[in-house]
Amino acid sequence: MVLNELCTNAVKYGALSRPTGRVDIEATVTDSGDSFLLTWVEKSGPAVREPARRSFGSKLIEHAFVAQLQATAHLRFDPDGVIYELRVPLAQVNGSIAP
């Protein structure tokens, strides 16, 4: 649901609302090997401003995985594009996968 919300917002308001816009998505394990890191970076879209209030979608993006997976999530409204970073301890990822 988080990726769906990010995609929807990018198409409606962000980088994907412009023909030149793009989204870079990177999924890696951190150099220390203890966390899974998902990064979403919007580029070449309209100028971004921090919203006056947080919508349901923004709250979902920032909090969906945090409690369940002991993760951290940061949603930034950089003038060049929205940036989202999700960091999940690998122990939580491995523990949540059924054998």
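Everything below is about the structure shown above.
A short tour of the structure in this document, coming up.

Procedures and definitions
Residues numbered from 1 in each chain as written. Predicted model: local features only at pLDDT ≥ 70, side-chain atom pairs only at ≥ 80, totals over all residues. Heavy atoms only, no water. Salt bridge = Lys/Arg side-chain N within 4 Å of Asp/Glu carboxyl O. Helix = DSSP H or I, 4+ residues; strand = E, 2+ residues; numbered from the N terminus. Buried < 20%, exposed > 50% of the residue type's maximum accessible area, 1.4 Å probe, protein only. Lys, Arg positive; Asp, Glu negative; His and termini not counted. Polar contact = N/O pair within 3.5 Å; in protein donor to acceptor, adjacent residues only side chain to side chain. Contact = heavy atoms within 4.5 Å. Arc of directions from axis to C-beta. Axes fitted to C-alpha atoms, helices over the stretch in contact; angles between N-to-C directions. Parallel < 35°, antiparallel > 145°, perpendicular 65-115°, else oblique. Left-handed = near helix turned anticlockwise from the far one by under 90°. Nonpolar A, V, L, I, M, F, W, Y, C, P; charged D, E, K, R; others polar.

This part takes up the pattern of salt bridges. It is possible for side chains of opposite charge to pair when their charged atoms get near one another. Evaluation of the coordinates by the stated rule reveals three salt bridges. Note that D24 is salt-bridged to K43, the shortest N-O span being 2.9 Å. Residue D24 is found in strand 1 (residues 22-29), and its partner K43 is found in strand 2 (residues 35-43); the two are separated by 19 residues along the sequence. Linking R87 and E85 is a salt bridge whose minimum nitrogen-to-oxygen distance equals 3.7 Å. When salt bridges with common partners are traced through the structure, they connect R22, D24 and K43 into a single cluster.

A separate point is the side chain of E42. Within the element layout of this structure, E42 appears in strand 2. No salt bridge is formed by the buried E42; its nearest oppositely charged neighbour, R18, is found at 11 Å. A distance of 2.9 Å separates the side chain of E42 from the backbone nitrogen of A15, its partner in a polar contact. Within the local environment of E42, its side chain forms a polar contact with the side chain of W40, the two groups lying 3.1 Å apart. Setting aside residues up to four positions removed in sequence, E42 forms contacts with L6, A10, G14, A15, R22, V23, D80, G81 and V82.

This paragraph deals with helix 1 (residues 2-12). The set of residues buried in helix 1 consists of V2, E5, L6 and A10. In an axial view of helix 1, the angular spread of the buried residues amounts to 130 degrees, which keeps them on one side of the axis. Away from the buried face of helix 1 by more than 90 degrees, exposed residues N4 and K12 are located. Where helix 1 is buried, its residues touch strand 1, strand 2, helix 2 (56-63) and strand 4 (81-89).

The next subject is the packing of helix 1 against helix 2. Axes are the key here: two packed helices are described by the angle between their axes and the distance separating the axes. At a minimum axis distance of 9 Å, the contact between helix 1 and helix 2 shows a crossing angle of 135 degrees. One way to sum up the angle between helix 1 and helix 2 is to call them oblique. Between helix 1 and helix 2 lies a crossing whose hand is left-handed. Here helix 1 contributes V2, E5, L6 and N9 to the contact with helix 2, which in turn contributes G57, L60 and I61. Of the residues belonging to the contact of helix 1 with helix 2, the class tally is four nonpolar, two polar and one charged.

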